[in-house]
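Close look at the chain arrangement
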Amino acid sequence: MVVQTPTVLRVTAVVAALGAAAALLAGCSAGSTPVDQARSVTVVGSGKVTGVPDTLSATIGVETQAADVSAAINDSSATISKITDAAVSAGVDRKDIQTQQVSINPRYSSPGAAGGTSTISGYEATNTVSIKVRDLGKASKVLGDAVTAGGNSTRLSGVSFAIDDDSALMRNARDAAFADARARADQYARLAGDKLGRALVITETNTVDSPGPTLRRAPEAMAAAPVPIEPGQQTLTYSVSVKFALT
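We now turn to the structure provided with this report. Bear in mind the structure is a predicted one, so any value in this text is a computation, not a measurement. For every chain, the first residue of the written sequence is number 1, and numbering continues from 1 along that sequence. Local features in this predicted model are restricted to residues whose pLDDT is 70 or higher, and side-chain atom pairs enter the listing and the counts only when it is 80 or higher, whereas totals over whole chains, interfaces and linings include all residues. Excluded from the side-chain calculations are hydrogens and water; all other atoms, namely the structure's heavy atoms, are used.

Secondary structure elements are defined from DSSP: runs of H or I of at least 4 residues count as helices, runs of E of at least 2 residues count as strands, and each element is numbered from the N terminus. Within the protein, the regular secondary structure consists of four helices and seven strands. For every residue, the accessible area (1.4 Å probe, protein chains only) is compared with the maximum for its type, and the residue is labelled buried under 20%, exposed over 50%, or partly exposed between those bounds. Per-residue burial for the protein yields a buried fraction of 32% across its 247 residues. A fraction of 83% describes how many contacts in the protein between residues 6 or more apart in sequence connect residues 24 or more apart. In the form shown here, the protein has an accessible surface area of approximately 14,800 Å², with 54% of it arising from carbon and sulfur atoms. Any pair of residues with heavy atoms lying within 4.5 Å of one another is described as a contacting pair. Using the Shrake-Rupley algorithm and a 1.4 Å probe, accessible areas are obtained, with residue cover drawn only from the displayed protein chains.

Let us now look at the packing of aromatic side chains. Pairing of aromatic side chains requires ring centres within 6.5 Å, counting the rings of Phe and Tyr and the six-membered ring of Trp. Pairs whose planes differ by under 30 degrees are stacked, by over 60 edge-to-face, and all others tilted. Going through the model one piece at a time under the given rule, you end up with one aromatic pair. Between Phe178 and Phe244, the aromatic rings sit 6.2 Å apart at their centres with planes inclined by 55 degrees, giving tilted as the arrangement. One end of the pair, Phe178, is in helix 4 (residues 167-191); the other, Phe244, is in strand 7 (residues 234-246), and 66 residues separate them in sequence. Accessibility expressed as a relative area gives 26% for Phe178, which makes it partly exposed.

We call two strands paired when DSSP finds no fewer than two bridges between them. Taken together, the four strands give an open sheet; going across it, the order is 3-4-2-5, and neighbouring strands pair in antiparallel fashion. Across the chains shown, the open sheet's two edge strands, defined by having one partner strand only, are strand 3 (97-108) and strand 5 (154-162). Sheet twist, expressed as the average angle between the axes of neighbouring strands with direction ignored, equals 15 degrees. Note: strand 3 against strand 4 (residues 120-133), 11 bridges, orientation antiparallel. In the sheet register, Ile104 faces strand 4, and the bridge partner there is Ala125. Packed onto the sheet, helix 2 (residues 69-89) meets strand 2 (55-66), strand 3, strand 4 and strand 5 and runs at close to 155 degrees relative to strand 2. Whenever a helix is involved, its axis is fitted only over the stretch in contact; in every case the axis is a line through C-alpha atoms, and angles between N-to-C directions fall within 0 to 180 degrees.

Okay, the pairing of strand 1 (residues 40-51) next. Of the two faces of strand 1, only one is covered, namely that formed by Val41, Val43, Gly45, Gly47, Val49 and Gly51; the face formed by Ser40, Thr42, Val44, Ser46, Lys48 and Thr50 stays uncovered. Sheet topology note: the strand 1/strand 7 ladder contains 12 bridges and is antiparallel. Its bridge partner being in strand 7, Val41 is matched across the sheet by Phe244.

Next up on the list: helix 3 (residues 139-150). Helix span, expected: 1.5 Å multiplied by one less than the number of residues in the helix. Counted at 1.5 Å a residue, the expected span for helix 3 with its 12 residues is 16 Å, and the 17 Å between its end C-alpha atoms agrees. Elements that come into contact with the buried residues of helix 3 comprise strand 2, helix 2, strand 4 and strand 5. Phi for Gly151, located one or two positions after helix 3, is positive at around 70 degrees.

This part covers the side chain of Thr154. Residue placement: Thr154 occurs in strand 5. Among the residues examined, Thr154 registers a relative accessible area of 1% and is labelled buried. Polar contact is defined as a pair of N or O atoms within 3.5 Å, subject to the rule that within protein one atom must be able to donate a hydrogen and the other to accept it, and that residues adjacent in sequence are counted only when both atoms are side-chain atoms. A distance of 3.3 Å separates a polar side-chain atom of Thr154 from the backbone oxygen of Val147. For Thr154, the side chain forms a polar contact with the main-chain oxygen of Gly151, separated by 3.0 Å.

Our next topic: the nonpolar core. Counting residues in each nonpolar core, the largest one holds 21 residues, and the members touching the most others are Leu56 and Ile131. Those residues within four positions of Ile131 in sequence are excluded, and the remaining contacts are Leu56, Ser57, Ala58, Ile60, Ala87, Val92, Asp96, Ile97 and Val142. We define the nonpolar core as a collection of buried residues of types Ala, Val, Leu, Ile, Met, Phe, Trp, Tyr and Cys that are connected through side-chain atoms lying within 4.5 Å of one another. Counting 17 residues, the second-largest nonpolar core is a separate cluster that includes Tyr238, Val240, Val242 and Phe244.

Now the structure itself:
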């Protein structure tokens, strides 16, 4: 009869455990595929939808000149107040009018002779507000009345259109983007002799908002007649990257 010491028992146990692990690894390599080596295909799908803008945003400012600072800033303040009041009277909610910029800068005269120095000849003040029109039926009158109220010192620097609530359009764009991705992946699976499995990873890659027409500049003086407005269409494009399993 042979009596094993505790040290011999421990060594025997370790050897047995290593043998079992080696057998398990051999079985895995022979009969299964690691998850990170599973076959898959990754594609990018896009969806595009169009809608009619229902909101107009415009930036309207004034430039006034005077011999002193106070006169210049007072003139610009009085003119921008007329523009604001005209927009409100035409149907804009006052909460949708916001001051964007107020500034005043000196104006310099040209040197009288060679080697002369310029001197301050007056001051120029600017005051700019953004106006959002939520009823496009009133947009023409709003712009016409606002610019006319400001007179020759008025500057219309931009008109842009947007869809105030585009959540429904974005849902449709997502549906179209995912359907496009699945169709592409299914085609690749058939070409490779596989079947398309479930979606493993879904990644939103980008959202592009293509606005409608934009007016960049208006004449310095504009008659009281309504300004022609053509909102056109707005295109929303959505892209999604999807990784599908292949079976």
